[in-house]
Structure formats: structure tokens, C-alpha cells
Amino acid sequence: MLLAYPFRVLVPRRAAPEAATSLAVALLLLAATADLAPTPVVIALSAGAGATLAGLRLSRLATRHRTDPTPRAAGVLLDAAVVLAGLTAVVLPLADLGHTLAVLVGSLVVAALAVAGLYRLPGRARPAAGLRLRWLVESTGPAVGLALAGWLLLPRDGLPAPGRLVAALMLGGLGMAALDAFAGPRRRSGAAVCRGGVLLTLGGLVLLATLPSAPGGRVALLAVPPLVFGMLLVAVGAADAAADPEPAEPVAPAWPRSVLPAAVLLLASGLHLGAGRAPDRTSVLLALAAVPPLVLRELLRGGDTSTSVRRAAHRRPTGSAVRHRRAAPARWLGTPQPAPTERASPGDGEGAPTAIGVDSPWSPDDNPAWSALGRRPGAGSGTPGDRAALLDALAAIGDVPAPAGALLLVDLHGTDGLGPTAREDVLAEAVHRARAVIAPDDLVTGCTGTGFAVVTAAGPVLAYALGTRLLNALGPPYRLAGALLRVQTSIGLAEVSGAGPADVLRQAELARRRAVQLGRDRVEWYDAFLEEQLVRRLDLERELPGAVARGELDLVYQPVVDLADGQPVGAEALLRWRSPVLGTVLPAELLPVAEDLDLVGELEWWVLDRACRQLSDWSVGVRELWMAVNVTTRELTTPDFVQRAAAVLAAYGVPPERLVVEVSEPRVAGDLPTVVARLAGLRSLGVRTALDDFRAEHASLAQLRRLPIDLLKVGPELVGARPDGQPSLIDVVVNVGERLGVEIVAEELESSTQVEGARRGGCRYGQGFALARPATAERVEAYFEEFPSASR
């Protein structure tokens, strides 16, 4: 009873018999491996169990569709095939024909019945003759590779070389056909599952005919899994095909049909060579036989992709190689727009790029990912103009059996301040430069008001190289009315490998958006992790507004310790966003989003207010502790920052010297005079100031002399020895701090070694997990109470 309950919970009722049979077969195989049961008995029991269950399923299918002759005939024929497969594995080896011949004869009859049943199965794909020929070419090379693996792994003793070669070729063909069924374009259909099950069953019978001749009886157990599970899949696939002949199919990945055969061949070669065997003549011939189909496959792929790109280019209006529509944001959202008005660039001949006016400026950071991810409400379904031409080109590439190619979305930054005409001129010049580095068959088309798209027949690596060439070509300044304009370029790259046109466009746009986030002037390649990051970013942008009003923000506090005696001297307030949707979000992920949404000020004033209120609550028992809060240079440099900070201190009755305002060192250089003025204003109130994230560089040391600060916070990289063997830089920083009257705080100390290094280096204070972890106000207060005699 205790075992039955989790079985019922984990296994759907419909699949319970198959799961129970699979478990029983696995236990039988373990028993035979441990010499607890004879191998022939285990093979007979396993094959009999699989054939019985599959036969019952198929008999019910035939009975259920008594009035429909097509699925009924398919059920009867497939039922006969699996029952005969079970009998072939159990009974025919006992006949006088001999083991191998008996099983092969039974396999031929099983194949005939199964083919007849598959032919009558609902939902069976009927591709055109040309497509079937293409799939044959695509599969021949990997199939020969699998045959070579079979030749290397099949036993030599007791099996003639011709029989071994025939068995290897049969296993290679059956294995590749099964892989095409389970990983092909219609892999979710019941007909494909059923076909794959038939192929696995036949493969198991071929192994059963071959392996018993090897020394040691347990080798034949390798035939049991494909034989049993193949029969079960025949029944499952036939039932699914009868219930839903045309299920929804996601895009089939191309890698399994290439990677898996190669992996099997590498494993077989390694085992063969590890056994001390040299390659024989048949191995070399099989290896050479795999080369021509692979070469032919690549030639056909390249030719089909180039033809598709050219065909898509010819479908565009004559004389308009690239067009840019007005109201770019609306086009990306899919709303209908009036037809563009074309204006030929001066000096362009027939077929040269044309540029179209853009009525309103548009920031590329605002538009595409929303519509691409389906997050912006109110988007229409129309995709007119250049975006439609781009989708047509991608669809043409995707129509070939093994699509290859790439889409590059190119966006120019720095033209927002220009008028429409000047912006058109810059875009036209950019397209002209791009055409100098792309291939003649590559397609260039408009996609945004500030950029264009390139569809290339090249593979992903060559497409990335093309993106790098585009960056170099678009980087030099643009001459406008006697002046030079410098722009930045962001390029997103996505492969055309079987995905739908809209998916490829969305992926390229996500990659382009990532290139913008990482600083521009770069090429970013789409991958699934990138999409997860950007979806997460959009979720943050959606949920963060209103988080303060909803009471979702929280503070934790990390103590700061005097390294001389281990006594706590203060704490740093650290922001946490406890989102009910996204979970706990840390500042490293939260603050960049807040900056983009212009919410940093709201968050930082909430932190300052809450920290001062907590500091006031701690004043009863721990009066001399100080509290550090972080502020950005953007908020620090606001004109009323000092007055507002004074107001918060006065509201809670907190002495100014107990507040420490920290600012990050890498950001102060952007507006150094204003930062100096604000820090000096805070010090005039009595508030202490700190410089965080200090880097021991020449510019940082020179800048340090100008900043009115009390504390200097350095990371663990300045405490430990440098990779080049030179002594740590903490001595230099401490000496400079002593001359300037600045105390040093070593932060992010995560080991006792780092703590000792900071103490020996002369740091006054320390902070990090090795000393005390961030915690809630109550826990930190309890921590402080452990040091009643602390001098603070």
C-alpha cells in the first residue's frame, strides 16, 4: 500500500500499465545481470510482457474504431506485428531453422505487417518525392556513421564478417530512421511515435539475432530495451494518432540528428581503440562512405538557402532594396500604417538603397522587446512594409528541409537629436557602408527608424564575423553639413535553423537589446539564457513601479567591526525587494532597473528614512553605533540633497555623526565638482561620508585627494597578494589614508585569511561574511547586545 500510493501520484493512470511493465523489465534485467535469472528466460519474459500489453492496447484500438475501417485496419495490422515480434523473440529460436535465421525471418514478417499498419494509420505524413529524397540525403551520412559504430561494437567471434556487416548496416539504417521519427519535424505526432516504435522493435530483433552468438550470454540482454519499449511505443503512438492525427508541433531542433550519431560513433571508436584493436578495411570503407552524403548535404543546404534569400529579395518592390517606414514604433507593434514615401539618395542608381523620412524621433531602447515578447497591450496583427518583407525572407529560408542562415538586426545610436532629413542621410550612408561588406546574395531591409536588418545565408560563425565587419564599417564618423557625427552600433544575431520567422525576429531583437544594455558597439548572439535574462528584466520593469507604496521593500543590516578588538562599531543598511511575484531581489539586479525607470530617488529616500528610523530605535541601548547608507551620484548631486538629509535626521532625532553616506568611487568622476560640494555640505552638518568600491589606480588616488570623506572602503582584491607575486596594494592605500586623515574599511571579507590580511595591512574596520552576515534589525540588535562593553 505504501508503495502503491507514490506510484499512483507520480504516474498518470493512462500510463500506469506501461510504467509497471517497464519497471518489471528493468528488474528482470538487473536479475539477469546479477546472475539471478537465466538470460533466455529474462528475454522471453520481457518480450512476452511487452508484446502482451502492446497487443491488448492495439486490440482495444481496433475494437473502438469498429465503424472506421482505416484506424481499425491499422490497429489489427500493428497488433499482429507486435504479437509476432514477441513470438519471434520467444518461440522461433526453438525451431529447427537456427537462431539467427529464425529471428531474421520473423523480423521480415514483422516489418511487412508494421509497414502495412503504418500506411493505414491516421495522421501519417505524406511528403513530396523531392522532400523524401532530401531527407534520404540528410540521413545517409549519419546512418553510415551509426553502421560504422555497429561494425565496431558487434561481436566478431561466431559471427561471419558478411553477416556482421549486414547487421551493422541494418542497425545503422534503423537507428537513423528512428532518430528521424523521434526528433524530426512531426515528432509529436502519434504516427511518428508509432513509426519510431516499429523501428526500435526491428532494431531489437536484429540485435537478438546477432548477439547470442557472442561469448557470454548476458550480451544478448542489450536487445531487450529497444525490443520491449519499441512495442510499447507502437501501441502508444497508434492510440495518439487515432485520437489526434494532427497535433500542434513545435519547431524541431536540428542538432539531435547530427550530434547523437556522432556521439555514438565517437564512443564506439573509443571502446574499439581502448580494446587494442586497429581499424580494419571495412571500418575505413564505411568511414569514407559517410563523406559524400555529408558533402552533398552541405551543398544542398547552401544552395537552397541562397536561392531562398534571392527569391525573397525578388519579391520586394523593384528599386527599393531597403525601405524605412514612418512611425517606427507602430510598425514594430504591428499596427497598420500608411504606405511609405520613398526618396532616392543622391547619386544612387537603380537598385541602390533608398531612405524614407521618419516623422518622429524614437529611442530604440523603448520599443521592440515589448512587442516581440507580446507584453505591450493593444498590438495589432498586421505586419506591413519592411517588416513583412523581412518576415518573407526568413520564411523563405525556413522552407528548406535543413534551413541555415542568420538574421542580424543593426541599430544606430546617436541620431536622436537630428532632424528627419539628417537622420535619413545617416541611415542611407550606413546602408551604403553595409553593402560594401555583405555578400551579393544577402538581403538588406529596413526594420526600425534607426536601423536595418541583414539576412544572410552564412552559418552562425560566419554571420558573427559579418557582424564584426559591420561594426567596423559603421564605426567611422558620418559627415553632415560639414560636421562629423559619431554614432554607436548595436547588432543582434539570431540563427535561422528551423524556427518560425517571427521567432527568429524576436530572438534577434532580444540579442540587439542585450547589446544595448552591455554598452553598445558590440554584436550579441541570441541564446535561451539571454531570453530568460531579458524576460526577467521585463518582469522587473513591470513590477518595480509601486513597490514602495505596496510595502514590498525591506532593509537588512550588516555589522561593521573594529579589526583591533572585534567590537562592532556600526552597520550598513542593505536594500531588499521582497516581491510576491519575483521573490527577493538584491540591489545588484534592482538598481539598474530602477535607474532606467527613474525610480532611484524614490528608493534611496525610502532607505534613508527607514535607516534613520531604525537608528533612532537602537539609540536606547546602543547609542554610539553608526549607520551607513548608499546613495548614487545621480541622487547625491541633486540641489536639495543636503537639506533633505538634514530634515530626515531631525525628524527622528538622530545625531548627524551617526549617519554615514556612502557613494561609489567609479561614478564620482562624471560630476566631480558637484560631488565634492555635496559631500562637503554633508560634513558641515556633522554627517560622515565614505567612498565605496575604491580602486587603487593612479586616477583614483589623485581623485581621492579632492574628496572630503571620512571612510574609504576597499575590496578583498586589495588585501590579498596580487597574481604577479607582488605585495598587496593595501599598504599603499593605508599610507595615503593616514596622510589624508581617512580611515580604511575592508569589505566583502569572506574568509579568516582575508580578515587577517586586512588586519595586518592596517585596515581599521572590517565588514563581510567572515565577520557577520546581513540580518534583520532584531537579529543585529541581539548581536550588538553580545558586546555590552564595546567602545563605539
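The rules behind each value
Residues numbered from 1 in each chain as written. Predicted model: local features only at pLDDT ≥ 70, side-chain atom pairs only at ≥ 80, totals over all residues. Heavy atoms only, no water. Helix = DSSP H or I, 4+ residues; strand = E, 2+ residues; numbered from the N terminus. Buried < 20%, exposed > 50% of the residue type's maximum accessible area, 1.4 Å probe, protein only. Areas by Shrake-Rupley, 256 points an atom, 1.4 Å probe, with all protein chains shown as cover. Pairing = 2+ DSSP bridges. Axes fitted to C-alpha atoms, helices over the stretch in contact; angles between N-to-C directions. Parallel < 35°, antiparallel > 145°, perpendicular 65-115°, else oblique. Left-handed = near helix turned anticlockwise from the far one by under 90°. Contact = heavy atoms within 4.5 Å. Nonpolar A, V, L, I, M, F, W, Y, C, P; charged D, E, K, R; others polar. Patch = residues over 30% accessible without salt bridge, like charges linked within 9 Å, V, L, I, M, F, W, Y side chains within 5 Å. Salt bridge = Lys/Arg side-chain N within 4 Å of Asp/Glu carboxyl O. Lys, Arg positive; Asp, Glu negative; His and termini not counted. Charge placed at Lys NZ, Arg CZ, Asp CG, Glu CD. Expected span 1.5 Å × (residues − 1). Core = buried A, V, L, I, M, F, W, Y, C linked by side-chain atoms within 4.5 Å. pLDDT = per-residue confidence, 0-100. 1 Å grid on protein atoms, 1.4 Å probe; cavity = no way out; pocket = protein on both sides within 12 Å on 5 of 7 lines; lining within 4 Å. Points joined across faces, edges and corners; volume = space filled by probe spheres on them. Phe/Tyr/Trp six-rings, centres within 6.5 Å; stacked < 30°, edge-to-face > 60°.

### Here we look at the overall build of the chain
Moving on, step 1. If you tally the helices and strands in the chain, you get 29 helices and 18 strands.
Moving on, step 2. Expressed as a percentage of its 792 residues, the buried residues of the chain come to 48%.
Moving on, step 3. Carbon and sulfur atoms make up 60% of the accessible area of the chain, which totals about 36300 Å².

### Brief notes about the pairing of strand β3 (residues 406-413)
Moving on, step 1. Across the eight residues of β3, eight count as buried, placing the element largely inside the fold.
Moving on, step 2. Burial along β3 is two-sided: A406, L408, V410 and L412 facing one way and L407, L409, D411 and H413 facing the other are all buried.
Moving on, step 3. Here β3 pairs with strand β5 (residues 451-456) via six bridges, running antiparallel. Among the inter-strand pairings, L408 is bridged to a residue of β5, identified as V454.
Moving on, step 4. Relative to strand β8 (residues 488-495), β3 runs antiparallel, the two sharing eight bridges. The residue of β8 that forms the bridge with D411 is S490.

### Regarding the packing of helix α7 (residues 161-183) against helix α8 (residues 190-210)
Moving on, step 1. Across the interface, α7 lies against α8 with an axial gap of 8 Å and an inter-helix angle of 160°. By the criterion of interaxial angle, the relationship of α7 to α8 is roughly antiparallel. The two elements α7 and α8 cross, and the hand of that crossing is left-handed. Contact with α7, carried on its side by A167, M170, L171, L174, A177, A178, A181 and F182, involves A192, V193, R195, G196, G197, L199, L200, L202, G203, V206, L207 and T210 of α8 and no other residues of that element.
Moving on, step 2. Across the contact of α7 with α8, the residue classes break down as 15 nonpolar, four polar and one charged.

### Structural notes on a negative patch on the surface
Moving on, step 1. On the surface, a cluster of negative charge is contributed by D693, E717, E748 and E750.
Moving on, step 2. Looking at the secondary structure, you find E717 in the loop between β16 (711-714) and α27 (730-740).

### With respect to α8
Moving on, step 1. Under the 1.5 Å per step criterion, the end-to-end length of α8 is 30 Å for 21 residues, consistent within 8% with the ideal 30 Å.
Moving on, step 2. Taken across its 21 residues, α8 has 19 buried, putting it largely inside the fold.

### Here we look at the pattern of salt bridges
Moving on, step 1. According to the stated counting rule, one finds 23 salt bridges in the structure shown.
Moving on, step 2. Here R536 makes a salt bridge to E589, at a shortest N to O gap of 2.7 Å. Note that R536 is positioned in helix α19 (residues 528-543) and E589 in helix α20 (residues 587-596), a separation of 53 residues in sequence.
Moving on, step 3. With relative accessibility at 24%, the residue R536 sits in the partly exposed group.
Moving on, step 4. Taking the shortest distance from any N to any O, the salt bridge between E756 and R760 comes out at 3.9 Å. With E756 and R760 both in helix α28 (residues 752-761), this residue pair falls four residues apart, about one helical turn.
Moving on, step 5. Taken together, the salt bridges that share partners define one network made up of R513, R537, E541 and D596.

### As for the side chain of T415
Moving on, step 1. Positionally, T415 belongs in the loop between β3 and α16 (420-435).
Moving on, step 2. Apart from the residues lying within four places of it in its own chain, the contact partners of T415 are R423, V426, T450, L485 and V487.

### Side note on a nonpolar patch on the surface
Moving on, step 1. On the surface, L23, L27 and L30 cluster together into a nonpolar patch covering about 320 Å² of accessible area.
Moving on, step 2. Within the secondary structure, L23 sits in helix α2 (residues 16-33).
Moving on, step 3. Judged by its relative accessible area of 49%, L23 falls in the partly exposed class.

### A closer look at the nonpolar core
Moving on, step 1. Within the largest apolar cluster, 76 residues are counted, with the highest numbers of intra-cluster contacts made by Y557, W577, L682, L691, L712 and V714.
Moving on, step 2. No other element matches the 10 residues that helix α21 (residues 600-618) contributes to this core.

### Thoughts on the confidence of the model for the chain
Moving on, step 1. Per-residue confidence for the chain gives a mean pLDDT of 77; residues scoring 70 or more make up 76%.
Moving on, step 2. Below a pLDDT of 50 lies the segment residues 1-11, which in the model reaches five contacts outside its immediate sequence neighbourhood of four places, other chains included.
Moving on, step 3. Below pLDDT 50 for its whole length, residues 311-384 participates in 162 contacts with residues either more than four positions away or in separate chains.

### Comments concerning empty space enclosed by the protein
Rolling a probe over the atoms, with the probe sized like a water molecule, indicates the empty space that remains.
Moving on, step 1. Summed over all chains, the structure comprises five cavities of 30 Å³ or more.
Moving on, step 2. Surrounding the largest cavity, L78, A81, V82, A85, V110, A114, V198, T201 and V234 form its lining.
Moving on, step 3. At the level of elements, α4 (69-90), α5 (99-119) and α8 are the ones that each hand at least two residues to the lining of the largest cavity.
Moving on, step 4. Counting residues per element, the lining of the largest cavity draws most heavily on α4, at four residues.
Moving on, step 5. Per-class residue counts for the lining of the largest cavity are eight nonpolar, one polar and no charged.

### Points about unusual backbone geometry
Moving on, step 1. Located in the positive-phi region is D35, a residue other than glycine, with phi close to 60°.
Moving on, step 2. Residue position: D35 is located in the loop between α2 and α3 (39-64).
Moving on, step 3. For D35, a relative accessible area of 58% corresponds to the exposed category.
Moving on, step 4. With phi around 60°, D598 is a residue other than glycine that occupies positive phi space.
Moving on, step 5. Mapped onto the elements, D598 comes out in the loop between α20 and α21.

### Looking at the packing of aromatic side chains
Moving on, step 1. Under the definition given, this model contains seven aromatic pairs.
Moving on, step 2. Seen from their ring centres, W605 and F641 are 5.2 Å apart, and the 45° between their planes marks the pair as tilted. Here W605, found in helix α21, pairs with F641, found in helix α23 (residues 641-652); they are 36 residues apart in sequence, far enough to count as distant. Note on accessibility: W605 and F641 belong to one class, buried.
Moving on, step 3. Judged by centre distance (6.0 Å) and plane angle (55°), the rings of Y783 and F784 are tilted.
Moving on, step 4. For Y783, a relative accessible area of 18% corresponds to the buried category.

### Quick word on the pairing of β16
Taken residue by residue, a regular strand's side chains alternate between the two faces of the sheet.
Moving on, step 1. Side chains L711 and K713 of β16 all project onto a buried face; the interleaved residues L712 and V714 project onto the opposite face, where all are buried too.
Moving on, step 2. Two elements, strand β15 (residues 688-694) and β16, share three bridges in a ladder whose sense is parallel. For F694, the partnering residue across the bridge sits in β16 and is V714.
Moving on, step 3. Here β16 pairs with strand β17 (residues 743-746) via four bridges, running parallel. Bridge assignment links K713 to a residue of β17, and that residue is V745.

### Digging into the side chain of D710
Moving on, step 1. Along the chain, D710 falls in the loop between α26 (698-704) and β16.
Moving on, step 2. Not counting residues within four places of it along the chain, the set of residues in contact with D710 comprises R683, V687, R688, T689, G741, V742 and E743.

### As for the packing of α7 against helix α10 (residues 256-274)
Moving on, step 1. Packing of α7 against α10 leaves a shortest axis separation of 10 Å and a crossing angle of 140°. Between α7 and α10 lies a crossing whose hand is right-handed. Contacts from M176, L179, D180 and A183 in α7 reach P256, R257, L260 and P261 in α10.
Moving on, step 2. Across the contact of α7 with α10, the residue classes break down as six nonpolar, no polar and two charged.

### What about the environment of A26?
Moving on, step 1. Looking at where A26 falls in the secondary structure, it is placed in helix α2.
Moving on, step 2. Sequence separation between A26 and V224 is 198 residues; the distance between their C-alpha atoms is 9.6 Å.

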